[in-house]
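Secondary and tertiary structure notes
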Amino acid sequence: MKTKQFLLIVNLMILFGCSPSQQANVTDEKMEELQTEVEELKKEKTELLDEIDELKKQIRTLREQEIDYTTKITWQNYRINQLEQAYKETKMNVVQEQIQYEPVYAEFVGLIDEVGVKGEAWFKAETNFTELYFHGEAVKMEYMKDHADQMFEYILTFLGETWEGEKLRIYFTDGENLFGNEEFLGYYEPLTQRIWIAPDFTMIYSDEYGDFLLDPRDTVLHEMFHAISNFDQGLPYEDYWFEEGMASYLALRYDYQPINAQSFPEAYEYRLLYDVYWFDYANGSFQTAIHDEQELNQNWSLLTAEEKKEFFSLKGIARLHYGDSFGISISFFEASIIDALIDFYGQDRTLSFYQAMKNVETSLDVEVVFEEIFQVTLSDFEHQWKKRIQQTGDVEENMY
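Not measured: the values here are computed from a predicted model.

Examining the packing of aromatic side chains
- The tally for this structure, following the rule as stated, stands at 42 aromatic pairs.
- A ring pair is formed by W278 and F332, whose centres lie 6.3 Å apart and whose planes are at 55°; its orientation type is tilted. Here W278 is found in helix 9 (residues 274-281), whereas its partner F332 is found in helix 13 (residues 330-345), with 54 residues between them in sequence. For the residue pair W278 and F332, the accessibility class agrees, reading buried in each case.
- An angle of 75° between the planes, with centres 6.2 Å apart, marks the rings of F344 and F381 as edge-to-face. In this pair, F344 is assigned in helix 13 and F381 in helix 16 (residues 378-390), connecting sequence segments 37 residues apart.
- Above the ring of Y105, the side-chain terminus of K145 is found at 4.9 Å from the ring centroid.

This is how it looks when you write it as structure tokens:
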């Protein structure tokens, strides 16, 4: 309460609370002072009420402005969304028009809102175990939808495992800027759990067999193994001979079914599963395939003696897989290692080693676990593996 008001009240209490004799002593002057104060308070009250009314008017004005601005912003956001959507659809239509192929399964999704995935012309097809993404011209490989689950189940059955993870995402690219690793035909990213397939499969090749398109299925199956096995080992590349050997073995042993000629006539007629062609040519024998690779591959004769020895060493095989294989098909050599393990010691023990290899951390661990499971040293097995290949009458017998 203001001091002025407080004093007025006190004065009134004194005035009306005093005795008649005391009241008689109150002068007219005092009464006038009190009356003046009352009038001033009334005036002050009126001014305050006027200020309140003015503030209320300002509040109403601000609220009206707020509503007006909010309405404008809402309309602008709506218009922006309309324009962005129109731009996106126009851009997608332009991209689609540039692709002559009419997809059978895959649906156009355009941009993918996912970290690390580039490109704006993605198509998508889905199976029980996989999400297949094809960029641009790579959509011609959508026939993979007919084969992905069977390939996946084949690996699970061979390994005796089940799959409880999320669907495996596989990206088929038509440009190096999307693929990101020109050294390989495909690779698996453990952190993102993605498989990337190189643009090589969208390019037409010409050799002694004529013009053809490579079939990506053996590369996809190879990378599927890495995704399913999910090895978590801090080993140097030299010790990856078993993991890569298993992936190559399964990819080469799988019975690939023909592509649907009615739905995919171009793929059926022009695609060639190159490694499988070689394997069939070798009558199902890895030893024969290796022999023929040495006999017929013009790059083999150019290798030095030391370079050739790399192909008959477990650690050398692993280094060649992640480095320069000199234009030689390394997959036959890798797969022959697993083929030898199964032939010598049986599939059960080979799969026991597969399970154990998921947990090894050093090169010494690899040798110790190998000897525990197979009851033979790794060096002795390597010698027997070389001897087994030599039995085919290889042209480079002195390499053993």
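What about helix 9?
- Restricting attention to buried positions, one finds in helix 9 the residues V276, W278 and F279. Buried residues along helix 9 cover an arc of 155° about the axis, so they all sit on one side.
- Looking at the buried side of helix 9, the elements it contacts are helix 7 (241-253), helix 10 (286-296) and helix 13.
- Once helix 9 ends, the next one or two residues include N283, with phi positive near 60°.

Side note on the packing of helix 14 (residues 347-357) against helix 15 (residues 363-374)
- The interhelical angle for the contact between helix 14 and helix 15, taken along N-to-C directions, is 150°, at an axis separation of 10 Å. Comparing the axis directions of helix 14 and helix 15 gives the class roughly antiparallel. The chirality of how helix 14 crosses helix 15 is right-handed. Where helix 14 abuts helix 15, its residues R349, T350, S352, F353, A356 and M357 lie against V366, V369, F370, I373 and F374.

Some thoughts on the side chain of E243
- Considering the arrangement of structural elements, one finds E243 in helix 7.
- Reaching out from E243, the side chain makes a polar contact with the side chain of H226 at a distance of 3.0 Å.
- Setting aside chain neighbours within four positions, we find E243 in contact with F225, H226, F231 and Q233.

Describing the sheet that holds strand 8 (residues 210-214)
- Taking strand neighbours across the sheet as the criterion, the three strands line up as 7-8-9 in an open arrangement whose pairing is mixed. The strands lining the two open edges of the sheet, one partner per strand, are strand 7 (204-207) and strand 9 (271-272).

A short note on unusual backbone geometry
- Notably, Q193 is not glycine yet its phi reads approximately 55°, a positive angle.
- Relative to the helices and strands, Q193 is located in the loop between strand 5 (186-189) and strand 6 (194-197).
- We classify Q193 as partly exposed; its relative accessible area is 40%.
- With phi around 50°, N230 is a residue other than glycine that occupies positive phi space.
- Within the fold, N230 resides in the loop between helix 6 (217-229) and helix 7.
- Residue N230 is classed as partly exposed on the basis of its relative accessible area of 41%.

Considering helix 4 (residues 148-159)
- For helix 4, which comprises 12 residues, the first-to-last C-alpha distance of 17 Å matches the rise-based estimate of 16 Å (1.5 Å per residue) to within 8%.
- Looking at helix 4, one finds that the buried residues are A148, D149, M151, F152, I155, L156, F158 and L159.
- Buried residues along helix 4 sit in contact with strand 3 (130-135), strand 4 (168-172), helix 6, helix 7, helix 13 and helix 14.
- In the stretch just after helix 4, G160 is the one whose phi turns positive, near 70°.

Quick notes on the packing of helix 10 against helix 13
- Contact geometry for helix 10 and helix 13: axes closest at 9 Å, N-to-C directions at 155°. With respect to helix 13, the axis of helix 10 lies roughly antiparallel. Crossing geometry of helix 10 relative to helix 13 is assigned as left-handed. Along the contact surface, helix 10 presents F286, Q287, A289, I290 and E293, while helix 13 presents F332, F333, A335, S336 and D339.
- Of the residues in the contact of helix 10 with helix 13, the class split is six nonpolar, two polar and two charged.

Calculation notes
- Residues numbered from 1 in each chain as written.
- Predicted model: local features only at pLDDT ≥ 70, side-chain atom pairs only at ≥ 80, totals over all residues.
- Heavy atoms only, no water.
- Phe/Tyr/Trp six-rings, centres within 6.5 Å; stacked < 30°, edge-to-face > 60°.
- Helix = DSSP H or I, 4+ residues; strand = E, 2+ residues; numbered from the N terminus.
- Buried < 20%, exposed > 50% of the residue type's maximum accessible area, 1.4 Å probe, protein only.
- Lys NZ or Arg CZ within 6 Å of the ring centre and 35° of its normal.
- Arc of directions from axis to C-beta.
- Contact = heavy atoms within 4.5 Å.
- Axes fitted to C-alpha atoms, helices over the stretch in contact; angles between N-to-C directions.
- Parallel < 35°, antiparallel > 145°, perpendicular 65-115°, else oblique.
- Left-handed = near helix turned anticlockwise from the far one by under 90°.
- Polar contact = N/O pair within 3.5 Å; in protein donor to acceptor, adjacent residues only side chain to side chain.
- Pairing = 2+ DSSP bridges.
- Expected span 1.5 Å × (residues − 1).
- Nonpolar A, V, L, I, M, F, W, Y, C, P; charged D, E, K, R; others polar.

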